[in-house]
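Listed here are the chains, written in short residue letters.
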Amino acid sequence: MAGKLRVINEYNFTTDGAASVVEFTGLTSSNPYKLIITNLVSSSTTDVKPRIRVTKGGTAQTGSNYAYAGYYDYFHSGGSTTNNSSQTFFDMGIASGYSAASHTTERSWGLSIVDIFGLTDSSTYDWILYKNNFTNWQGNGYINYLGGFHKVASASDGIHFFNDKGANMDNGTVSLYEVLG
């Protein structure tokens, strides 16, 4: 059946252990993939700024070959902004916003879905499309949509998910699925 999902791997920060990096490598299928992130919570000392890199030969690609653009909408204000960038990673477009002053998490991450295309194809770029939602400490809701590509046309074999702030992520789940078609 087209569009069916097959679990490739999953990491639960609560049961598998706090970590600042999760890698899913060894991917060989030419099918699209989905990375689904739920209920991610910051460490007790800093915020979480999640990022994604692709891996080639099992090594995260850190060069400035990531290009993306995004659209942000704020439920509480009706405003929107756009963001265009070239970085050494794909920016997820959100952060947990831990407040050292009040010792509280300022944002609660709900759900992120990342569609990944062309990952293992050596003749194309790796394309992604993200959809995120989260709330801030005042209960205001946010959504953002981002898309991008890795500007190197060569086969990738995995996803490197990490906290750009370096601290461990304590709660939540990161799951990688293959889209069967």
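Structure: above.
Cut-offs and rules
Residues numbered from 1 in each chain as written. Predicted model: local features only at pLDDT ≥ 70, side-chain atom pairs only at ≥ 80, totals over all residues. Heavy atoms only, no water. Salt bridge = Lys/Arg side-chain N within 4 Å of Asp/Glu carboxyl O. Phe/Tyr/Trp six-rings, centres within 6.5 Å; stacked < 30°, edge-to-face > 60°. Buried < 20%, exposed > 50% of the residue type's maximum accessible area, 1.4 Å probe, protein only. Helix = DSSP H or I, 4+ residues; strand = E, 2+ residues; numbered from the N terminus. Polar contact = N/O pair within 3.5 Å; in protein donor to acceptor, adjacent residues only side chain to side chain. Contact = heavy atoms within 4.5 Å. Pairing = 2+ DSSP bridges. Core = buried A, V, L, I, M, F, W, Y, C linked by side-chain atoms within 4.5 Å. Patch = residues over 30% accessible without salt bridge, like charges linked within 9 Å, V, L, I, M, F, W, Y side chains within 5 Å. Areas by Shrake-Rupley, 256 points an atom, 1.4 Å probe, with all protein chains shown as cover.

Caption draft 1: Just the pattern of salt bridges, in detail. In the structure shown here, the tally under the stated rule is five salt bridges. Salt bridges sharing partners connect three or more residues here, namely Lys34, Asp115 and Lys131.

Caption draft 2: Expanded view of the packing of aromatic side chains. In total, this model carries four aromatic pairs according to the counting rule given. For the pair Tyr125 and Trp127, a centre-to-centre distance of 6.1 Å together with 70° between the ring planes defines the contact as edge-to-face. Judged by relative accessible area, Tyr125 falls into the partly exposed class, the value being 33%. Assessed through its relative accessible area of 40%, Trp127 is described here as partly exposed. Geometrically, the ring pair formed by Tyr125 and Phe149 is tilted, given 5.1 Å between the ring centres and 40° between the ring planes. On the criterion of sequence distance, the pair formed by Tyr125 in the loop between strand S11 (107-117) and strand S12 (126-136) and Phe149 in strand S13 (residues 141-150) is long-range, its members being 24 residues apart. Grouping aromatic residues by their ring pairs yields a cluster made of Tyr125, Trp127 and Phe149.

Caption draft 3: The arrangement of the side chain of Ser156 in detail. Counting through the fold element by element, Ser156 comes out in the loop between S13 and strand S14 (158-163). On the accessibility criterion, Ser156 (2% relative accessible area) is buried. Only 2.5 Å separates the side chain of Ser156 from the side chain of Asp126, close enough to count as a polar contact. When near neighbours in sequence (up to four residues on either side) are disregarded, Ser156 contacts Leu27, Val54, Thr55, Lys56, Leu119, Thr120 and Asp126.

Caption draft 4: View of the pairing of strand S15 (residues 171-180). Of all 10 residues making up S15, eight are buried, and the element is well covered by its neighbours. Where strand S1 (residues 4-12) lies against S15, eight bridges are found, and the strand directions are antiparallel. By the bridge assignment for S15, Lys4 is matched with Leu180.

Caption draft 5: Examining the nonpolar core more closely. Counting 28 residues, the largest nonpolar core has Phe13, Leu35, Ile52, Val114, Ile116, Tyr130 and Phe161 as the members making the most contacts within it. Secondary structure elements with two or more residues in this core: strand S2 (21-25), strand S3 (33-41), strand S4 (50-56), strand S6 (66-74), S11, S12, S14 and S15. Those residues within four positions of Phe161 in sequence are excluded, and the remaining contacts are Phe13, Ser20, Val21, Val22, Leu35, Ile37, Leu40, Pro50, Arg51, Ile52, Met169 and Val174.

Caption draft 6: Up close: the side chain of Glu178. Mapping Glu178 onto the fold places it in strand S15. Take Glu178: its relative accessible area is 6%, and that puts it in the buried class. Here Arg6 takes part through its side chain, which lies 2.5 Å from a polar atom of the side chain of Glu178. In this structure the side chain of Glu178 is engaged in a polar contact, spanning 2.7 Å, whose partner is the side chain of Asn31.

Caption draft 7: View of a nonpolar patch on the surface. Together, Phe117, Tyr125, Trp127 and Leu129 make up a nonpolar patch on the protein surface, roughly 370 Å² of accessible area in all. Within the fold, Leu129 resides in strand S12.

Caption draft 8: Here's a closer look at the pairing of S14. With respect to burial, S14 is a largely interior element, six of its six residues being buried. What you see with S14 is no split at all: Gly158, His160 and Phe162 on one side and Ile159, Phe161 and Asn163 on the other are buried throughout. One ladder, built from five bridges, connects S2 with S14; its direction is antiparallel. The partner of Thr25 across the bridge, within S14, is Gly158. Relative to S14, S4 runs antiparallel, the two being bridged by six bridges. Along S14, the bridge assignment pairs Arg53 with His160.

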